[in-house]
Amino acid sequence: QTGECPVYLFDDVLSELDDARRAYILSDMKGKQMILTACERGGIDPYLSNVIYTEGGSYAPTHW
């Protein structure tokens, strides 16, 4: 109704999908706001995203 895109939230969804479905979800999200959690690294274009890694209760942004 407002004409603004929503913020999409995905909680570890990529680990449940095969490569083709992962690529489909990520390609459809270009230009949209998305918060995605994952248990494994990789699969996300670092030039199109702001990635923050967490481990042992601390976090650090990546610097590509």
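Just so it is clear, the model here is predicted, and its values are computed rather than measured. (Residues numbered from 1 in each chain as written. Predicted model: local features only at pLDDT ≥ 70, side-chain atom pairs only at ≥ 80, totals over all residues. Heavy atoms only, no water.)

A few points about the pattern of salt bridges
Now for step 1: Taken as a whole and judged by the stated rule, the model has one salt bridge.
Now for step 2: Across the salt bridge formed by Arg21 and Asp18, the nearest N and O atoms sit 2.6 Å from each other. (Salt bridge = Lys/Arg side-chain N within 4 Å of Asp/Glu carboxyl O.)

A closer look at the environment of Leu14
Now for step 1: Mapped onto the elements of the fold, Leu14 is located in the loop between strand E1 (7-11) and helix H1 (19-28).
Now for step 2: Separated by 26 residues in sequence, Leu14 and Glu40 have C-alpha atoms that sit 9.2 Å apart. (Helix = DSSP H or I, 4+ residues; strand = E, 2+ residues; numbered from the N terminus.)

Quick look at the pairing of strand E2 (residues 33-37)
Now for step 1: Strand direction decides the pairing type here: E1 and E2, joined by five bridges, are parallel. Directly across from Val7, in E2, lies its bridge partner Gln33. (Pairing = 2+ DSSP bridges.)

Observations regarding unusual backbone geometry
Glycine aside, negative phi is the norm for most residues, and most peptide bonds take the trans geometry.
Now for step 1: One non-glycine residue, Asp12, lies in the positive phi region at around 55°.
Now for step 2: Its place among the elements puts Asp12 in the loop between E1 and H1.

Notes on the environment of Met34
Now for step 1: Relative to the helices and strands, Met34 is located in strand E2.
Now for step 2: Distance in space between the C-alpha atoms of Met34 and Tyr8 is 4.6 Å, their sequence separation being 26 residues.
Now for step 3: Leave out the neighbours within four places in its chain, and Met34 touches Tyr8, Phe10, Leu26 and Met29. (Contact = heavy atoms within 4.5 Å.)

Re the pairing of strand E4 (residues 58-61)
If a strand is regular, its side chains alternate between the two faces of the sheet.
Now for step 1: As paired elements, strand E3 (residues 52-55) and E4 share four bridges and run antiparallel to each other. In the strand pairing of E4, Glu55 is matched with Ser58.

Thoughts on a nonpolar patch on the surface
Now for step 1: Together, Val7, Leu9 and Ile35 give the surface a local cluster of nonpolar side chains, amounting to about 300 Å² of exposed area.
Now for step 2: Looking at the secondary structure, you find Leu9 in strand E1.
Now for step 3: Leu9 sits in the exposed class, given a relative accessible area of 65%. (Patch = residues over 30% accessible without salt bridge, like charges linked within 9 Å, V, L, I, M, F, W, Y side chains within 5 Å. Areas by Shrake-Rupley, 256 points an atom, 1.4 Å probe, with all protein chains shown as cover. Buried < 20%, exposed > 50% of the residue type's maximum accessible area, 1.4 Å probe, protein only.)

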